[in-house]
Amino acid sequence: MSATEILPGAAEAAPRTIPPVDRESRRLGFRLTLPTQLLVLFIAGFPLLMQLYISLTDWSPLDGVGWWKAWQSWNSFANYTDLLEDRRWWGALWRTFIIMLVCVPAEFLLALGLATLFMDDFPGKRVFYSILLMPMMVVPAVAGYMFFMLFQSGGPFNGILSALSGMDIKIAWLSDPTLALVAVMIADIWQWTPLMFLILLAGLVGVPEDQLKAATLLGANWRQRFFTIMLPRIKTIMVIALAIRVIEIFKIFDTLYIMTGGGPGVATETISVYIYKVTTQDLIWGYVAAIALVILIALSVLAVFAMKRMEAAKNGGRA
Amino acid sequence: MTTIRLENLVKRFGDFTALKTMDLEIRDGEFMALLGPSGCGKSTTMNMIAGMEDPSGGRILFDGRDMNGVPMGKRGVGFVFQNYAIFTHMTVRQNLAYGPKMRGMSRSEIDRRVKNIADFLQLTPMLDQKSAKLSVNILQRLAIGRSAIVEPAIFLLDEPLSNVDAAFRAVMRTELKHLQKQFKQTMVYVTHDQLEAMTMADRIAVMDHGVLQQVGTPLEVYNNPANIFVARFIGAPGMNLIAGELAETDRGLAVDLGSWGVSPPLPDDLAAAASAAGSRAVQYGFRPEEATLGLEGQGLRSRVTFVERIGARTIVHVESGQTVKIVAENDVGCSIGDDVSIVPAPAAVRLFDAASTAAIRGG
């Protein structure tokens, strides 16, 4: 079979050198975008440097000196070493992780199940679709207030439980340290499963129908098709959806703050709530800058990981 | 190794009838091409054979066994999709092993089959490559191999060459025909390209508007089209057809072609069939390749309107009310505006009933 000798791929092996004309136009392109690049650099770079600078001092707005004079209270890396011993910080970080470890998988599994259901047609699909997406469109602060009321000890949530069990249930959801955390998680799952659902559904709909038919013709049953064709095909999208939710949960604030204010005590205090309290109540901004920088670095690593996955998928995986 | 019988097969989508009562027998080991323009029902027929769609009426029999209600995974049908539907997230090996694995074959059996099929299709060197970036002819072989590995009795191919550029198509055609010879499976090949059907198929089923027009070997279909549609569809360019009326001349029965003049007398058997058929309005047909072009003299009178020089041959368009194409020598010396006369080879003349469009056959 001499067919293999006329492969279209053969031409792609040509050495990649940049011709002079191309190099010239690149230089021009660089010059033309330079002003914008400088602006972006200023917007992104300047606050970052300022933050880094302040994080190395004990500066507070109460000091009565401008932030540029923060060197007067220079403390080297004391903020960072303090952070290592700050039990409230570790507690907040731990609770954030707990919320993430419960909410992200729960949202993912719920969303994947729903998205799989929505692959087939059923009566009322469009209505259910709209209803399902609604929580996502509620302003988080409003959602927070909704759940604040739902979880009152005489509120509707207990009312439903009472009706179901036949007993008079009066659980003080938001004033019990454990249950408050559970309530916060329920609110997050309610509000953000739809986003995950939407992303995963987009992925599943994009799985080529011919591939599913081919798999069926080769003897694969529904379960086998799901695990060998559909899931691998939406791997990239799953990673993106998970990364988005992980990053979002690191920043979880508004709904939670309105529901519990981080309480009772520090029972639902996440890192965002902690930073907010240190910023507005303790006013030690040098320390806040240090915390924020640590979180920024952690999230950047996550984001880079997610982007690497996307890049890899673009170059290899799918045709 | 299976005979496929379609009995009174019907497919309706709502109000639209995609296939009107189709009867067809595809013999064991045969390469059958379903040929027709898009929307003729050929893909619908194929999808029903594969079990992807349920017939609205009629039966599909594999070796006499009614396939109604048998799910597509259990029909023993290999399907090569238009875009090959290769699992691009898997390696070549994983693609080949997919069918056996889903059927729960043992590890060693899977390995043995993959090795055999990869050797046979010369896929061994790329077994562990990702299949996403393979060239199109390797994809075709992989698609065939992936279906063949579970030893289906029937192979269905849905326009596998339509995404391939023209230059490469000839190579792929040869390769495909070669593979079919070796596999010896019954193959059904859907295409709208008559060249593919002519070059590869043992028999061609020509379809149009959900109706089977003619079944026959490529030469039968080419030489003796059953009706006007087949006459026009097969051949490049298709058969010339001129409307006319049967007329008695002193040299025998001929066709009065209006402004073209009167045709040469019809061969005896065709004349007998034509007078037996009764109707006088006919379409007079002949292949562009089977007529000679002369300057003035005996033959159908006409004028050259266009000269297409395509290298090996020249296609001369002539017009006298209707346009007729003649395939002539590459150095034919005529130009636009020349008066010419056309003499169709007597044996190549075909007549069609103008009303029913069916062929009038002699002998």
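Remember, it's a predicted structure, so these values are computed and weren't measured experimentally.

With respect to the overall build of chain B
At step 1: Regarding its fold elements, chain B presents 9 helices and 20 strands.
At step 2: When each of the 363 residues of chain B is scored for burial, the buried share is 42%.
At step 3: Counted over contacts in chain B with a minimum sequence separation of 6, partners at least 24 positions apart contribute 64%.

Details of the packing of helix α2 (residues 92-102) of chain B against helix α3 (residues 107-120) of chain B
All names here are of chain B.
At step 1: Relative orientation of the contacting elements α2 and α3 amounts to 130°, with a least axis distance of 9 Å. Relative to α3, the element α2 is oriented oblique. You can see that α2 and α3 cross each other, and the crossing is right-handed. Along its contact with α2, which presents Arg93, Leu96, Ala97, Pro100 and Lys101, the element α3 presents Glu109, Ile110, Arg113, Val114, Ile117 and Ala118.

Notes on helix α10 (residues 235-250) of chain A
All names here are of chain A.
At step 1: With 16 residues, α10 should reach 22 Å at 1.5 Å per residue; the first-to-last C-alpha distance of 23 Å fits that figure.
At step 2: Buried residues of α10: Ala241, Arg245 and Ile249, and no others. Buried residues of α10, seen end-on, are gathered within an arc of 65° and therefore sit on one face of the element.

Overview of the nonpolar core
Note that soluble globular proteins tend to have their nonpolar side chains buried in a common cluster.
At step 1: In terms of nonpolar packing, the biggest core is built from 120 residues, with Leu200(A), Met32(B), Ala33(B), Leu156(B), Val188(B) and Tyr189(B) touching the most fellow members.
At step 2: Residue contributions to this core reach at least three from each of two domains, namely domain 1 (4-86 + 134-223) and domain 2 (238-360) of chain B.
At step 3: Of all hydrophobic cores here, the second largest spans 35 residues; its members include Ala92(A), Leu174(A), Ile271(A) and Tyr274(A).

Thoughts on the sheet that holds strand β5 (residues 65-66) of chain B
Residue and element names in this part refer to chain B.
At step 1: Read from one edge of the open sheet, 4 strands run β2-β1-β4-β5, paired in antiparallel fashion. A single partner strand is all that each edge strand has here, and the edge strands are β2 (16-26) and β5.
At step 2: Here 2 bridges tie strand β4 (residues 57-62) to β5, and the two strands are oriented antiparallel to one another. What sits directly across from Leu61, in β5, is Asp66.

Points about the UniProt feature "transmembrane region" (unreviewed entry) in chain A
All names here are of chain A.
At step 1: Feature annotation in UniProt places "transmembrane region" (unreviewed entry) on residues 32-54, 92-115, 127-148, 179-205, 226-247 and 284-305, given in this structure's numbering.
At step 2: Annotation note: span residues 32-54, helix share 100%, strand share 0%, distance between end C-alpha atoms 34 Å.
At step 3: Regarding residues 92-115, the helix share stands at 100% and the strand share at 0%, and the terminal C-alpha atoms are separated by 33 Å.

Quick look at helix α9 (residues 222-233) of chain A
All names here are of chain A.
At step 1: Over its 12 residues, α9 runs 15 Å from end to end, which matches the ideal 16 Å to within 8%, given 1.5 Å per residue.
At step 2: For α9, the set of buried residues is Arg225, Thr228, Ile229, Met230 and Arg233. Seen from one end, α9 has its buried residues packed into an arc of 155°, which puts them on one side. Exposed residues pointing more than 90 degrees away from the buried face of α9 are listed as Arg223 and Phe227.
At step 3: Tucked inside the fold, the buried residues of α9 contact α7 (177-205) and α8 (209-217).

Considering the confidence of the model for chain B
Residue and element names in this part refer to chain B.
At step 1: For chain B, mean pLDDT is 88; residues scoring 70 or higher make up 99% of the total.
At step 2: Across chain B, the secondary-structure element scoring lowest on mean pLDDT is helix α5 (residues 166-183), at 81, and the one scoring highest is strand β9 (residues 203-208), at 94.
At step 3: Here the complex is predicted with pTM 0.73, and the ipTM for its interfaces comes to 0.77.

Some points on the UniProt feature "domain: ABC transmembrane type-1" (unreviewed entry) in chain A
At step 1: The feature "domain: ABC transmembrane type-1" (unreviewed entry), as given by UniProt, occupies residues 93-306 of chain A in the numbering adopted here.
At step 2: This span, residues 93-306 of chain A, is 78% helix and 0% strand, and a straight line between its end C-alpha atoms measures 22 Å.

Quick word on unusual backbone geometry
Generally, phi is negative for residues other than glycine and the peptide bonds are trans, each holding for most cases.
Residues and elements named next belong to chain B.
At step 1: Omega for the peptide link from Ala236 to Pro237 comes to -10°, which places this bond in the cis form.
At step 2: Along the chain, Pro237 turns up in the loop between α8 (228-233) and β11 (240-249).
At step 3: Despite not being glycine, Ala85 shows a phi value in the positive range, around 50°.
At step 4: Residue placement: Ala85 occurs in the loop between β6 (77-80) and α2.
At step 5: The exposure class assigned to Ala85 is buried, which follows from the 22 C-beta atoms found within 10 Å.
At step 6: The phi dihedral of Gln122 falls on the positive side, at around 55°, and the residue is not glycine.

A word on the sheet that holds strand β8 (residues 186-191) of chain B
Strands belonging to one sheet form pairs held by backbone hydrogen bonds; the direction of such a pair is parallel or antiparallel.
All names here are of chain B.
At step 1: What the 6 strands build is an open sheet, ordered β6-β7-β8-β3-β9-β10; its pairing is mixed. At either end of the open sheet lies a strand with only one pairing partner, and these are β6 and β10 (211-216). This sheet shows a mean twist of 20° between the axes of neighbouring strands, independent of strand direction.
At step 2: Direction of pairing for strand β3 (residues 31-35) relative to β8: parallel, over a ladder of 5 bridges. When the bridges of β8 are listed, Leu34 appears paired with Val190.

What counts and what doesn't
- Residues numbered from 1 in each chain as written.
- Chains lettered and ligands numbered in written order.
- Predicted model: local features only at pLDDT ≥ 70, side-chain atom pairs only at ≥ 80, totals over all residues.
- Helix = DSSP H or I, 4+ residues; strand = E, 2+ residues; numbered from the N terminus.
- Buried ≥ 20, exposed ≤ 12 C-beta atoms within 10 Å, placed from the backbone.
- Contact = placed C-beta atoms within 7 Å.
- Axes fitted to C-alpha atoms, helices over the stretch in contact; angles between N-to-C directions.
- Parallel < 35°, antiparallel > 145°, perpendicular 65-115°, else oblique.
- Left-handed = near helix turned anticlockwise from the far one by under 90°.
- Expected span 1.5 Å × (residues − 1).
- Arc of directions from axis to C-beta.
- Core = buried A, V, L, I, M, F, W, Y, C linked by C-beta atoms within 7 Å.
- Domains from an automatic or database assignment.
- Pairing = 2+ DSSP bridges.
- UniProt positions renumbered as here; feature names shortened; annotations may be inferred.
- pLDDT = per-residue confidence, 0-100.

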